[in-house]
Amino acid sequence: MTAPDHPIKPVSHRWLDRVEKLGNRLPHPVTLFILFALAVVFISALCGAMGVAATHPTTDEVLTARSLLSAEGARWMLSSAVSNFIHFAPVGPVVVAIMGIAVAEHSGLLACLLSSLARRAPPRLLSTAIIFTGILSSIGFDSGYVVLIPLAALIFKAAGRSPLAGIAAAFAGVSGGYSANLVLGPVDAILAGISTEALQLVSSDEVLASANYFFIIVSTLFISAIGAWVNDHWVEPRLAKPASSEPLTEEQDAPTASADSQRRALRWVGVFTLVYVVALLWLVLPQDGLLRNPDPNGLTALPLLKGIVVFIALYAAIAGALFGYLSGRYQRSNQWIEGMESGVASLATYLVLMFFAAQFVNYFAWSGLGAIAAISGAQWLAQFDLSTTSLLLTFVLTSAAINLLIGSASAKWALMAPIFVPMLYVLGVSPEAVQMAYRIGDSSTNIITPLMPYFGVVVAFVQRHEPSAGLGTLVALMLPYSLTFLLSWSLLLAVWIGFGLPLGY
């Protein structure tokens, strides 16, 4: 009996095809925020006319909806448009961080580090090393996608294993493990900034960039181990091994400097890293340290943590420039500036998005709708008497579902945070826990949604080794990781919260 020309797709593939079609019909994220801002304007007018109000549960203050279509509201929208954007928390830290990290990427330092980490992994730990390296690569934004994923395919092929398994492992680490890391990066600053803006609706507290640091460190090791097990025991057994192993060749985008000069440059970067860390400790640990918190009851390193983005950017810029000149990649004195400029230029799309996101968030706050919705939603949820763990797990699933339709992590959080952070805060759930629950849901489904910006790029990498591969091939590869990450990572968060462990500083 011959197989049909068009075999029936599995249910999971058909469902994802429908999600893709639905997602393609959505407007651009900028257009979405314009529509959301307009919706807030008209809803605020309606709620203001109806006298919608709520009582703050801690201050007993009666909060009444204010109309943005009133004379006062119109004057505020016109006079505050620029300040809304300039003072929007996620804007400044990201620009500063990118200025430094772009130098490290432009000089070839990030690519060299990723390549070294991946190549030196023992055969039994190859999958673990690739996923671990992918998780760390998020500090360099797209470095993992354009460097590690194609390199992982070659490494696996050279080891006599399926190159598709290498691609899957790298993609799982880079994108599925996006919310884990051993160091704080721009994503921590972006999400913390948005969380702080949302929290201002009901509290004057602040969410620091290090708010999830303890948990993401443990998550890095946890996701590396879980992902490696999925790769070796679930994904790779379905794949055909290459006919013969081939020597590892460098990708087209690999650094042009010689191997010896790169090794020498890396050694000096290592020395600089040690000196830099010692210098930071010297600024914090001594009683008269310049960055030591003078409040004896406060966190000693609080000033350092509040400026962590600046210190990360400064380290990345100096390390990148040092590597570039010592490796021979940089020949002119101003090349590190070119790298910094290229990084800032890449933020054009992000800045446009953040302008309209800032208007939406501030419209929501000024009108009072955010606080009223949070208090009313909290009162409604309180009727069900859900535990903190149940609320967080429900929110993880909500984030995972929304991620299938909206690709940008910052755009989704800018949309969701003004509603969920204050609402769950009123119910006794910390904003740090809500933010971490969002990150878990967002990361877990990154690798199965075609709306993720690099999804098509990874499909192209797969087709280099399997010309007949398509969207379904990649989805089938990544679905086991997605489901396992979503379940196990959520369980880890539930256990963590259950034992009352701190998520970060």
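Rules behind the numbers
Residues numbered from 1 in each chain as written. Predicted model: local features only at pLDDT ≥ 70, side-chain atom pairs only at ≥ 80, totals over all residues. Heavy atoms only, no water. Helix = DSSP H or I, 4+ residues; strand = E, 2+ residues; numbered from the N terminus. Buried < 20%, exposed > 50% of the residue type's maximum accessible area, 1.4 Å probe, protein only. Contact = heavy atoms within 4.5 Å. pLDDT = per-residue confidence, 0-100. Patch = residues over 30% accessible without salt bridge, like charges linked within 9 Å, V, L, I, M, F, W, Y side chains within 5 Å. Areas by Shrake-Rupley, 256 points an atom, 1.4 Å probe, with all protein chains shown as cover. Salt bridge = Lys/Arg side-chain N within 4 Å of Asp/Glu carboxyl O. Axes fitted to C-alpha atoms, helices over the stretch in contact; angles between N-to-C directions. Parallel < 35°, antiparallel > 145°, perpendicular 65-115°, else oblique. Left-handed = near helix turned anticlockwise from the far one by under 90°. Nonpolar A, V, L, I, M, F, W, Y, C, P; charged D, E, K, R; others polar. Phe/Tyr/Trp six-rings, centres within 6.5 Å; stacked < 30°, edge-to-face > 60°. Expected span 1.5 Å × (residues − 1). Core = buried A, V, L, I, M, F, W, Y, C linked by side-chain atoms within 4.5 Å. Polar contact = N/O pair within 3.5 Å; in protein donor to acceptor, adjacent residues only side chain to side chain.

**Quick look at the overall build of the protein chain**
Looking only at helices and strands, the protein chain features 21 helices and 2 strands. The proportion of buried residues among the 505 residues of the protein chain is 52%. Considering only contacts in the protein chain between residues 6 or more positions apart, those separated by 24 or more positions represent 79%.

**Quick notes on the confidence of the model for the protein chain**
Across the protein chain, the average pLDDT comes to 82, with 85% of residues at or above 70. Confidence drops under pLDDT 50 across residues 1–6; counting only partners more than four residues distant or on other chains, this segment forms 0 contacts. Every residue in residues 245–255 is under pLDDT 50, and counting partners more than four places away or in other chains gives 22 contacts.

**Quick look at the environment of aspartate 205**
By the element assignment, aspartate 205 lies in the loop between helix H9 (186–199) and helix H10 (213–235). Aspartate 205 gets classed as partly exposed once you look at its relative accessible area, which sits at 41%. Through-space distance from the C-alpha of aspartate 205 to that of proline 431 is 9.7 Å; in sequence the pair is 226 residues apart. Leaving out residues up to four positions away in the same chain, aspartate 205 has contacts with Thr196, Leu199, Gln200 and Tyr425.

**Let's talk about a nonpolar patch on the surface**
A cluster of nonpolar side chains, contributed by Ile34, Leu35, Leu38, Phe42 and Leu69, occupies part of the molecular surface with about 470 Å² of accessible area. Relative to the helices and strands, phenylalanine 42 resides in helix H2 (residues 29–50).

**Here we look at the packing of helix H17 (residues 388–403) against helix H19 (residues 431–444)**
Relative to each other, H17 and H19 sit at 40°, their axes nearing to 7 Å. Comparing the axis directions of H17 and H19 gives the class oblique. Crossing of H17 over H19 shows right-handed handedness. Side by side, H17 and H19 meet where Leu392, Phe395, Val396, Ser399, Ala400 and Asn403 of the first sit next to Ala433, Val434, Ala437, Tyr438, Ile440, Gly441 and Asp442 of the second. For the contact of H17 with H19, the per-class residue count stands at 9 nonpolar, 3 polar and 1 charged.

**As for the packing of aromatic side chains**
Scanning the entire structure with this criterion turns up 18 aromatic pairs. Plain terms: the ring middles of tryptophan 76 and tryptophan 366 are 5.3 Å apart, the flat faces sit at 20° to each other, and that makes the pair stacked. Linking tryptophan 76 in helix H3 (residues 71–86) with tryptophan 366 in helix H15 (residues 348–367), this pair joins segments that are 290 residues apart in sequence. You can call tryptophan 366 buried: its relative accessible area is 11%. Cluster of aromatic residues (ring-pair linked, three or more members): Phe33, Phe36, Phe360 and Phe364.

**Considering helix H13 (residues 308–327)**
Its 20 residues place the ends of H13 28 Å apart at the C-alpha level, agreeing with the 28 Å of an ideal helix rising 1.5 Å per residue. Of the residues one or two after H13, glycine 328 is the one with positive phi, at around 90°.

**Remarks on the environment of leucine 353**
For leucine 353, the location among the structural elements is in helix H15. For leucine 353, a relative accessible area of 8% corresponds to the buried category. Note: C-alpha distance between leucine 353 and serine 410 (57 residues apart in sequence) is 9.5 Å.

**Describing the nonpolar core**
Counting residues in hydrophobic clusters, the biggest one holds 123 residues, and the most contacted among them are Phe171, Phe215, Trp413, Leu474, Met478 and Tyr481. Counting residues per element, this core draws most heavily on helix H21 (residues 471–498), which supplies 11 residues. Not counting chain neighbours up to four residues away, the residues in contact with tyrosine 481 comprise Ala168, Ala169, Ala172, Gly227, Val230, Asn231, Val235 and Ile447. Ranked by size, the runner-up nonpolar core spans 22 residues in total, among them Ile101, Cys112, Leu291 and Leu304.

**Some thoughts on the pattern of salt bridges**
Tallied over the entire structure, the rule returns 6 salt bridges. Close ionic contact of aspartate 232 with arginine 161 constitutes a salt bridge, the shortest N to O distance being 2.9 Å. In this pair, aspartate 232 sits in helix H10 while arginine 161 sits in the loop between helix H7 (143–158) and helix H8 (163–176), placing the two residues 71 residues apart along the sequence. On the basis of relative accessibility, which here comes to 28%, the residue aspartate 232 falls in the partly exposed class. Two residues, glutamate 338 and arginine 332, come together in a salt bridge whose shortest N-O distance is 2.6 Å.

**Quick look at helix H6 (residues 126–136)**
Burial within H6 is extensive, with 9 of its 11 residues counted as buried. Regarding H6, the residues found buried are Leu126, Ser127, Ala129, Ile130, Ile131, Thr133, Gly134, Ile135 and Leu136.

**Description of the packing of H8 against helix H20 (residues 455–465)**
The interhelical angle for the contact between H8 and H20, taken along N-to-C directions, is 160°, at an axis separation of 9 Å. One finds that H8 runs roughly antiparallel with respect to H20. With respect to the hand of their crossing, H8 and H20 are arranged in right-handed fashion. Of H20, the residues touching H8 (which contributes Pro163, Leu164, Ile167 and Phe171) are Phe455, Val458, Phe461, Val462 and His465. Class assignment for the residues of the contact of H8 with H20 results in 8 nonpolar, 1 polar and no charged.

**Here's the deal with the side chain of serine 327**
Checked against the element boundaries, serine 327 lands in helix H13. Looking at serine 327, its side chain comes within polar contact range of the main-chain oxygen of phenylalanine 323, at 2.7 Å. Only 3.3 Å separates the side chain of serine 327 from the backbone oxygen of glycine 324, close enough to count as a polar contact.

**Overview of the side chain of serine 127**
Positionally, serine 127 belongs in helix H6. Side-chain polar atoms of serine 127 contact the side chain of aspartate 232, separated by 2.6 Å. Residues in contact with serine 127, not counting those within four places in the same chain, are Phe156, Arg161, Ala228, Asn231 and Asp232.

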